[in-house]
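# Commentary on secondary and tertiary structure
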Amino acid sequence: MADMSASANLAMTHLVPLAKELDENKVTPGVLGFIVFAVMALAVWALMKSMNRHMGKVDFAEPEAAPGGTPAQGPAGK
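Predicted model only: the values in this text are computed from it and were never measured.

Right, let's get into the overall build of the chain. Assigned secondary structure in the chain consists of 2 helices and 0 strands. By residue count, 0% of the 78 residues in the chain fall in the buried class. Just so you have it, the chain exposes about 7700 Å², and 68% of that area is on carbon and sulfur atoms.

Okay, here's the thing in structure tokens:
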């Protein structure tokens, strides 16, 4: 741990005594944990809504076959 920066060393010096004071049976995620979970849930909901909207725009209909038995060429087959 000799390569730690001074700020990281200082942070560890202040956090270690706080960790020893916590009762392991009473530690909870708290408000910050709830906020992080709520933000992640909203992000997933927004992504699913966006994906649903984009999937609704997709046309799954296959092109009709040409009279010769070959598929009709669309705009990409020019």
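On to a nonpolar patch on the surface. On the surface, a cluster of nonpolar side chains totalling about 420 Å² of accessible area is made up of Val31, Phe34, Ile35 and Val39. By the secondary structure assignment, Val39 is in helix H2 (residues 30-56). Owing to a relative accessible area of 52%, Val39 belongs among the exposed residues under this scheme.

Reading the values: the criteria
Residues numbered from 1 in each chain as written. Predicted model: local features only at pLDDT ≥ 70, side-chain atom pairs only at ≥ 80, totals over all residues. Heavy atoms only, no water. Helix = DSSP H or I, 4+ residues; strand = E, 2+ residues; numbered from the N terminus. Buried < 20%, exposed > 50% of the residue type's maximum accessible area, 1.4 Å probe, protein only. Areas by Shrake-Rupley, 256 points an atom, 1.4 Å probe, with all protein chains shown as cover. Patch = residues over 30% accessible without salt bridge, like charges linked within 9 Å, V, L, I, M, F, W, Y side chains within 5 Å. Salt bridge = Lys/Arg side-chain N within 4 Å of Asp/Glu carboxyl O.

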